[in-house]
Structure formats: structure tokens, C-alpha cells
Amino acid sequence: MVMERSGQHIRGSVPEGKQVADGAGVYFYLFLCLFAACFFPPVRGFSEEWLRPKWVLAEAVGLLVLLTFGIQVLVACKHRDAGRRAFGRRGYVEDAFCEALVGVAFLEAVYAIVRMFRGGQEGMAASGTFDNPAGLAFCLCAALPFHACLWRRCSGKLWFRSALAACALVILTAILCTGSRTGWICLALYAALWLQKQWKFAIKREQTESCSSLQSVSKLFKGHRVVKLTILAVLAAGLAWGISVVKTDSTNGRRFILERSWELVQARPFAGYGPGGFLREYMPRQADYFKAHADSGYAWLASEVYHPLNEFVWVWIEFGLPGVLLSLGALAWLLSGLFRRRDIFSRMLAVSLCACVVFALFSYPLKYPLASVIGIAAVGRMCSGMLGRGRMNGKCWRWVGMVGIVVAVVALIKVSVAYSYEYEWSRVARQALRGHSREMMPRYAELYGHYHHDASFLYNYAAEQFYAGRYEEALSTARECRALWPSYNLSLLTGDICRAAGKYGEAVRHYEQAHWMCPVRFAPLEGLYYAYKSGRQRDRADSVADVVARKRIKVDSPDVQRIKKEILEDVRHGEKTVPRDGMMKKL
């Protein structure tokens, strides 16, 4: 290959003692650590156990990759033709990237399948080390195309190709086990791209070997076109059936979320709502809808919503029309540029980006660090093609290396400091959960200075102030959190705080807001019942009890049964005791 020949040319023309700048072997271990971080299992020591470990470790290792690159460029600047030396052995680095990603994805797929059948997840979709099956499906779909890079570059090794085929089969099986419909669409997209490539090769070969006239070429082309369109039609019909028949509740729920999200877009299409706009605006919008449409069938599907399940809609809500246009322009630039390049690595990066786009239409791939790694690799691949042509002199390359080192070192320090706060928060939260909320208040107060703009921390802080009996402070913190994230759980918590503080009218308002956000839940009705009873509005309390008695149960649980039993027994026996601790669990 051209890439390998250029690497061999440089290796042959440079003495062994001057090949320090190449350092391709180091990149394999760095990439291995990077992708292991992207698939890292949940661990303690973080405020959130599923995603935060992946992000923190991926950021740290990614910055180490940048630091290594900066050092490599500075070392290359000691010799002539620095740009060529900095990118000369790019093919080996690309192989290291593919090998590390394929290996880690294979181990993740094996773990997910084993855990699904022998880890207590019988009858459930595979999720592996992720918080839900969609995350696993996305990461495995993004890794699958890079098998083609290794397959192409190891054409003479039958054993290696057999191992690659086995790895791809295991990953494919794990994707199917997730039950992700978006994963099925990605696999269909890969099949269509592969068929397109095979037909091109077949047509070219048959044109040169067996087609001697223009008429025969035309017949051949039409025949291939009919077969191709037939297969694509079958794939499209199968996908349409799967999307419309499988998980119909999920499909209807997605439609409802997108409709409410589009209402937000229509209200501010150009400016958007700013960072965090979706979390600030969506749940109140959902509550307003159910207040106006109390008998809507969507009420049975409503729950807490953190994302519109479409990355482009999310960008539009947060950053307005300019953000969407910028995102689409960047994607068009990357995909067109990568597909035009002739090397297999660039094209497989483009295919993996296509998987990111497909998942972005139906899910939230930007939630996972692997999407960022693929995007940065695509941008780096495009930039390397422009910078590696020797247009910059040694002084410019020296500046590139120094900037990379400085940025990496400063960012690593920031990541380390951020994790120190993260670890302290996780320790404090664990102690509070063990019943030491009062003792943890001074440490929460210290963390407040760093996390006062973090909605998750403010919610946790308000909850622990509530359990510590500091109702006024808890109410103040809950109001701060409401300005950032007026969620269902926060409305429930605020209602509990107000009821404990004797502010029954305000408690009723918050419980009603929580009820309209998620009408299918029982916890807001429990809060309403006891708030009305404590406020000596027995007739309204009895009306709520009647609603609880007749309400259908969507997901049965011990908490739902407890709520129904306690309220109905209280009505039946006229109990005067009112529980004061909150109904803060998701039901």
C-alpha cells in the first residue's frame, strides 16, 4: 500500500537512532487505555457510577495522547522535513488505533453476552458496562467498521483474517442482543454500503472481462441495479416493520417527546435557550401539555425526560438555528472529505461517523465518550492530510508541538482538580446515605462553592438538607436547582420539604406540578393526599384517595402497593398520623 511504502521509505532513509519521533508502539498502548476508558465499567468514587468514570478516564488518556504527539513533533523538529517525520508513519498509528478499538470492543461484546445469559439478566437486553442497551449498541456499531481496515492490511494472513471474522461475528451478535432498533438500522446501513462497494467491483471486473459492447454493459448495469434496489427495498421494509411493530410504546413515547421539543424550537428557533436549555424548559412544557390534555393517551407513557432523543433537535434547542447549521456543515465537511480519500482508514472513519449520525437521529450518542473520540480522530485525519504535506517549516512545527504540550499539561491539571472534587462529593454522598446527613452538612457547604452551578449536586444537597431537618435551607437550595433543572423528582422533593416545613399550600402546588409532569406516577398523589390532610382539607384528601384507589398501575412495585395500602387504610380507619418523610423514589 501507499501508506506502508511511504513508512518503509522513511524508515529505510533514517538511521535507527533517529527514529524516536515515530513512536508508533507507544500509541497502541495509549489507544488501548483510551478505548478501555470508553468501555469502562461502573465504579465507586464518582458522583455518577456509569458515565462519569468513562468520561474522566477518557479525557485523561486523550490528553496523554495529545502530550505524546506534542513531544513527537518536537523531537521530529530536530531533523529535516519535520512535517514528513511527524506524519510519516501514520499508517502504523492507524493500525494501532484499529487494533486497540477492535480488541476492546470484542472483549466488551463477550462480557455483554455472558452477563446477559449468566449474570442475572436472563430475558433482558444486553447492556454490558453501559447504563442502557442503546449505549452498548452505539459503541459496538461505531467500532465495527474498523475491522475492514485490519482486514485490508493483512491480506496475506489467513489466521488473522479468521480471528477478525470471529471478532466481528461476536460484536454483531452482541448488537443484536441489545434489541436496539437504531443498531439494526446501522447494520442495514453497513450492509448497503458493503453491497454498493461489491457491485462497483463486480461491474468493473465484468466490464473488462466479459462485456465487449456498449449494449452488454448497459444490460449488466441494469441487472445489477435491479438486484441492488430489490435488496435495499427488502432491508427498508424490514426496518419499517421493526420500527412500527417492535416496541410500539417506545415509538409513541419518542414521537411525543419530539412533538414537545419541536414546540420549544418553534418558540425560539434562532437564538435557542442557551446551554442547559432543554433541561430548564422541557418538563414544564410536558406538564402544561397534560394540564390541557388530561385524557391524552400519552399520559400512560410519560416519564422524566433528560434528552429529546435526537441530538440535532437538542442542539437546536440549546444553540438555535446557527448551532444546527454549524453542526450539519461540520458533518458534511468531514464525511465528504473522508469519503473522497483513498485510504481505507479515512473511509472507515467516515462510515463510523455515519453510525454516529444515525444514532444521533434516534438517541444520544454524544452522551458517550467514544463519539467524541471518533469525531476528534476524523478531524485529526483531515488536518493531518493538510498539515502533513510539508508546507510548514520547522519553526511552525515547533510551535505546534509546544502548543500541544502546554494544552495537554494544563488540561490534565484541570481534570485532576475536577476529579478531586468529584471523589470528595462521592464520599460525602455515601456517608449521607448511611444516615449521617447532619454530620455531612459542613462538607456539603464546602463543595457548594465549586458545584453551585451543577443541578445534580444542588438536588443532592437539597435532599440531604431535608433529611438533616434543615427545611428552610433545603427549600432555598431546591429553588436554586429549579432555576437550572425543574424536574419531576425536584418537584416531588420540594413538595416534601414544604410539607415538612408546614407550608401546605406551596407543597400542594409542587405535588400538582410533579403529577402533571408524570401523570402515571403514584408518588405525587401520595404527597397531595397528606398535604391536603395536614392542611385540614379532608374533602380534597378523600378525592385524591379515590383517584389512588381507581388508578391503573403501569409498573407494579412494593412502593406502589405501600402507597395504595396506606392511603386506603388511612381513609378507612380515619388515622390522624401523617408521615413527614418524603416520597422521593421514582415509581
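This text goes with the structure placed above it.
Because the structure is a prediction, the values reported are computed rather than measured. (Residues numbered from 1 in each chain as written. Predicted model: local features only at pLDDT ≥ 70, side-chain atom pairs only at ≥ 80, totals over all residues. Heavy atoms only, no water.)

J.: Even after reading the chapter, I still don't get the overall build of the protein chain, so can you show me in this structure?
T.: When helices and strands are tallied, the protein chain shows 24 helices and zero strands. Restricting the contact set of the protein chain to residue pairs at least 6 apart, pairs at least 24 apart contribute 71%. A total accessible area of about 29,000 Å² is found for the protein chain, and carbon and sulfur atoms account for 62% of it. (Helix = DSSP H or I, 4+ residues; strand = E, 2+ residues; numbered from the N terminus. Contact = heavy atoms within 4.5 Å. Areas by Shrake-Rupley, 256 points an atom, 1.4 Å probe, with all protein chains shown as cover.)

J.: Where do I start with unusual backbone geometry in this structure?
T.: Leave glycine aside and you will find that most residues have negative phi; peptide bonds, for their part, are mostly trans. Its identity is not glycine, yet L309 carries a phi of approximately 65°, on the positive side. With respect to the helices, strands and loops of the structure, L309 is situated in the loop between α12 (277-292) and α13 (311-340). Owing to a relative accessible area of 17%, L309 belongs among the buried residues under this scheme. A positive phi is found at R536, a non-glycine position, where the angle reads about 60°. Secondary-structure assignment places R536 in the loop between α22 (523-534) and α23 (538-550). (Buried < 20%, exposed > 50% of the residue type's maximum accessible area, 1.4 Å probe, protein only.)

J.: For this particular structure, what's the right way to read the nonpolar core?
T.: Generally speaking, nonpolar side chains in soluble globular proteins are found buried as a group. Counting 144 residues, the largest nonpolar core has F31, F39, F97, F146, L370 and Y444 as the members making the most contacts within it. Looking at this core element by element, the count peaks at 13 residues for helix α5 (residues 90-118). For Y444, the contacting residues outside a window of four places in its chain are W425, V428, A429, A432, F457, N460, Y461 and E464. The next biggest cluster of nonpolar side chains, apart from the first, holds five residues, and it includes F46, V56, L63 and L412. (Core = buried A, V, L, I, M, F, W, Y, C linked by side-chain atoms within 4.5 Å.)

J.: Explain the environment of S352 to me, please; I cannot follow it from the model alone.
T.: Here S352 lies in helix α14 (residues 344-362). Linking S352 and A378, residues 26 residues apart in sequence, is a C-alpha distance of 9.6 Å. Residue contacts for S352: discarding those within four places in its chain leaves A142, P145, F146 and I374.

J.: Before we go on, may I ask you to explain the pattern of salt bridges in this structure?
T.: Opposite charge on two side chains allows them to pair when their charged atoms are near. For the coordinates displayed, the defined rule picks out 21 salt bridges. Note that E473 is salt-bridged to R470, the shortest N-O span being 3.6 Å. When its relative accessible area of 35% is taken as the criterion, R470 is described as partly exposed. Of the charged contacts, one joins D570 and K533 as a salt bridge, the two residues approaching to 2.8 Å between their closest N and O atoms. With a gap of 37 residues between them, D570 in helix α24 (residues 558-573) and K533 in helix α22 connect regions that are remote in the sequence. What makes D570 buried here is its relative accessible area of 3%. Sharing partners across several salt bridges, the network here consists of E94, D95, R153, R341, D343 and R381. (Salt bridge = Lys/Arg side-chain N within 4 Å of Asp/Glu carboxyl O.)

J.: Help me understand the packing of aromatic side chains in this model?
T.: For any two aromatic rings, the description comes down to two numbers: the centre-to-centre distance and the angle of the planes. Counted according to the given criterion, the structure contains 34 aromatic pairs. With centroids separated by 5.1 Å and ring planes inclined at 85°, the aromatic side chains of F35 and F97 adopt a geometry described as edge-to-face. Highlighted residues: F35 in helix α2 (residues 24-38) and F97 in helix α5, separated in sequence by 62 residues. Residue classification places F35 among the buried positions, given a relative accessible area of 0%. (Phe/Tyr/Trp six-rings, centres within 6.5 Å; stacked < 30°, edge-to-face > 60°.)

J.: When you look at the state of the cysteines in this model, what are you seeing that I'm missing?
T.: Two cysteines form a disulfide when their sulfur atoms are joined by a covalent bond. Inspection of every chain in the model, using the stated rule, returns zero disulfides. Left without a disulfide partner, C139 is nearest to the cysteine sulfur of C38, which lies 7.1 Å away. Take C139: its relative accessible area is 1%, and that puts it in the buried class. (Disulfide = S-S within 2.5 Å.)

J.: Can you walk me through the environment of Y282 in this structure?
T.: Relative to the elements of secondary structure, Y282 occurs in helix α12. Linking Y282 and H307, residues 25 residues apart in sequence, is a C-alpha distance of 8.9 Å. With sequence-adjacent residues up to four places away left out, Y282 is seen in contact with F256, I257, R260, S261, L264 and V305.

J.: I would appreciate a short explanation of helix α19 (residues 471-484) in the present structure.
T.: Helical geometry: 3.6 residues make up each α-helical turn, so side chains three or four residues apart lie on a common side. Counted at 1.5 Å a residue, the expected span for α19 with its 14 residues is 20 Å, and the 20 Å between its end C-alpha atoms agrees. Of the residues making up α19, those classed as buried are A474, L475, T477, A478 and C481. Each buried residue of α19 sits inside an arc of 165° when the element is viewed along its axis, so together they form one side. In α19, the exposed positions that point more than 90 degrees away from the buried face belong to E472 and A483. Residues of α19 that are buried sit in contact with α18 (455-467), α20 (488-500) and α21 (504-517). (Expected span 1.5 Å × (residues − 1). Arc of directions from axis to C-beta.)

J.: Just to check I follow, could you spell out the side chain of S437 for this structure?
T.: Along the chain, S437 turns up in helix α17 (residues 437-451). Contact partners of S437, with chain neighbours within four places excluded, come to A432, E464, Y467 and A468.

J.: Just to check I follow, could you spell out the packing of helix α11 (residues 248-267) against α13 for this structure?
T.: Helix packing for two helices is described by the angle between their axes and how far apart those axes are. One way to put it is that α11 packs onto α13 with a least axis distance of 9 Å and a crossing angle of 30°. Classed by the angle they form, the pair α11 and α13 counts as roughly parallel. Note that α11 runs across α13; the crossing there is left-handed. Taken together, the residues of α13 that come into contact with α11 (itself represented by L258, S261, W262, L264 and V265) are V313, W316 and I317. For the contact of α11 with α13, the residue count by class is seven nonpolar, one polar and no charged. (Axes fitted to C-alpha atoms, helices over the stretch in contact; angles between N-to-C directions. Parallel < 35°, antiparallel > 145°, perpendicular 65-115°, else oblique. Left-handed = near helix turned anticlockwise from the far one by under 90°. Nonpolar A, V, L, I, M, F, W, Y, C, P; charged D, E, K, R; others polar.)

Function cannot be inferred from these measures alone, as they are strictly geometric.
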